[in-house]
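Listed below, chain by chain, are the residues.
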Amino acid sequence: MRSIAKKIIPVLDLKKQIAPIRDELDSAIKKVIDNTDFILGSEVCELEKDVQKYCSVKHAVGVSNGTDAIKLALVALGVGEGEGVICPAFTYYATAGAIAGMGAVPVFVDIDPLTYNISIQSIKEVLKKKRNFKIKAIIPVHLYGQCADMEKILELAKKYNLKVIEDTAQAFGAEYKNKKAGTIGDCGTVSFFPGKNIGAFGDAGMVLTNTSDVYHKLMILRNQGNEERYYHTMLGYNHRLDTLQAAILRVKLKHLDCWNKKRQENAAYFNEKLKGLGIRTPYLAEYSTHIYHQYVLNLERSGSNVKLMEYLKEKGVDARVYYPVPLHLQKCFKYLGYKKGDFPESERASVQTLAIPVYPDLTKKELDYIVSSLRAVVVSLRVG
């Protein structure tokens, strides 16, 4: 095992992923270059069709990245400046950043302590509070690769007349009660950031919807407000998906289910080998599959995640803390008036959780080394 320790086992190794499909990728890229078909080219349309089929959704709109996908979905669904949008306090910045960036107000709620997804009870409590602005939508994030409880979220959305946008950045390919993530609410937003389970060679994203009117608006909004070139029917944006990225994603989409299955196998291996270590392994909800964008451990001791991360890196294992500061405590959202203690589960998760490598190209030797390193470090931390 010493030979592995000299070289860091990264949280993701894209070189390993790309190598077996390099010829396919090179051919797809060459086709785009040969056709000089760079902006909203034919490969974008073909990718949209591929995703429609894969997700069993009526419409898919390729856009510039996952953050812009959320913004475009909000605008297309009629969310305006000064209106509230509920989202979890524990997730990546882009969810709330997209809300604030288009002039709406992020309304944070807490998370479920087992799944780390949005807490239904916390949503209920927030919706009962009186505000000087209207709450117009809710964005459940399917965090780490597992779906939020969409059935209960949709019940609340119907009761309070809210639009629902699924943030599917980390769960593209996961299923909620046999429906693909991103196809259940009014819109689903996807990030194809290179580090995702299916990633482009740069920024890329997509919006999914089953509503034709919303689809029509999205198509116009992403392309400068053009319905016909030089005729602008609404104020739009330059949020188009590059043809090169679409061509790359078409190749990768063919392999996604295989990659996700391997992640699940690696997660099952960790679940078995880490028993009895006193660390909580990922919880699997009965209503969702899990594609393990991240394999997240809960140490159930505040602050121990950073110590464990540092020790693992010394041993050559690239562990990561996702996310060390909940959104309601981020400096950029100070104007919203939240304080420490407002969302205790989010705050606990930020100091107790740690992700270890789970990507599909890990070898058996690397998996064993991660397990042995983790066991050794946990024991040393307890003794210390």
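Just so it is clear, the model here is predicted, and its values are computed rather than measured.

Here the focus is the nonpolar core. In this structure, Leu74, Val85, Phe108 and Ile139 are the most contacted members of the largest nonpolar core, which totals 30 residues. Only strand E1 (59–63), helix H5 (66–76), strand E2 (84–88), helix H6 (93–101) and helix H9 (212–221) provide two or more residues apiece to this core. Ranked by residue count, the leading element in this core is H5, at six residues. Excluding residues that lie within four positions of it along the chain, isoleucine 139 makes contacts with Ile70, Leu74, Val85, Ile86, Cys87, Pro88, Thr95, Ile99, Ile118, Ile165 and Asp167. Of all hydrophobic cores here, the second largest spans 29 residues; its members include Ala267, Leu277, Leu362 and Leu374.

Moving on to the packing of aromatic side chains. Summed over all chains, the structure comprises 13 aromatic pairs. Both rings, one in phenylalanine 270 and one in tyrosine 295, keep their centres 5.2 Å apart while their planes meet at 50 degrees; by these two values the pair is tilted. In this pair, phenylalanine 270 sits in helix H11 (residues 256–273) while tyrosine 295 sits in strand E12 (residues 295–298), placing the two residues 25 residues apart along the sequence. Tyrosine 295 matches phenylalanine 270 in its accessibility class, with the two residues each being buried.

Right, let's get into unusual backbone geometry. Tyrosine 323 follows tyrosine 322 through a cis peptide bond whose omega is 15 degrees. With respect to the helices and strands, the residue tyrosine 323 is situated in the loop between helix H12 (304–314) and helix H13 (344–352). Phi is positive for leucine 40, which is not a glycine, with a value near 50 degrees. Residue leucine 40 is classed as partly exposed on the basis of its relative accessible area of 28%. Within the chain, asparagine 161 stands out as a residue other than glycine whose phi angle is a positive 55 degrees.

One side chain can pair with another of opposite charge once the charged atoms of both are near each other. Summed over the entire model, instances satisfying the criterion amount to 21 salt bridges. The shortest N-O distance in the salt bridge between lysine 31 and glutamate 43 comes to 3.4 Å. A residue pair is termed long-range when its members are at least 10 positions apart, and lysine 31 in helix H3 (residues 22–35) and glutamate 43 in helix H4 (residues 42–55) qualify at 12 residues. Overall, glutamate 43 belongs to the buried group, its relative accessible area being 8%. Across the pair glutamate 43 and arginine 250 runs a salt bridge whose closest N-O atoms are separated by 3.2 Å. Note that glutamate 43 is positioned in helix H4 and arginine 250 in helix H10 (residues 243–253), a separation of 207 residues in sequence. Here the residues in one salt-bridge network are Lys31, Glu43, Asp50 and Arg250, joined through shared partners.

The rules we used
Throughout this description, residue numbers start from 1 for each chain and increase along the sequence as written. In keeping with the predicted nature of the model, local features appear solely for residues at pLDDT of at least 70, side-chain atom pairs appear and are counted solely at 80 or more, and the whole-chain, interface and lining totals rest on all residues. By convention in this description, side-chain values take in all heavy atoms of the structure and omit both hydrogens and water. Among buried residues, the Ala, Val, Leu, Ile, Met, Phe, Trp, Tyr and Cys ones that are joined through side-chain atoms within 4.5 Å form a nonpolar core. Partly exposed describes any residue whose relative accessible area lies between the buried limit of under 20% and the exposed limit of over 50%, with all areas from a 1.4 Å probe on protein chains only and scaled to the type maximum. The way it works is that DSSP assigns letters per residue, a run of H or I at least four long becomes a helix, a run of E at least two long becomes a strand, and they are numbered from the N terminus. Here, two residues are considered to be in contact whenever any of their heavy atoms come within 4.5 Å of each other. Two aromatic rings, drawn from Phe, Tyr or Trp (for Trp, its six-membered ring), form a pair once their centres lie within 6.5 Å of each other, and the interplanar angle then sorts them: stacked below 30 degrees, edge-to-face above 60, tilted otherwise. A pairing counts as a salt bridge when a side-chain nitrogen of Lys or Arg comes within 4 Å of a carboxyl oxygen of Asp or Glu.

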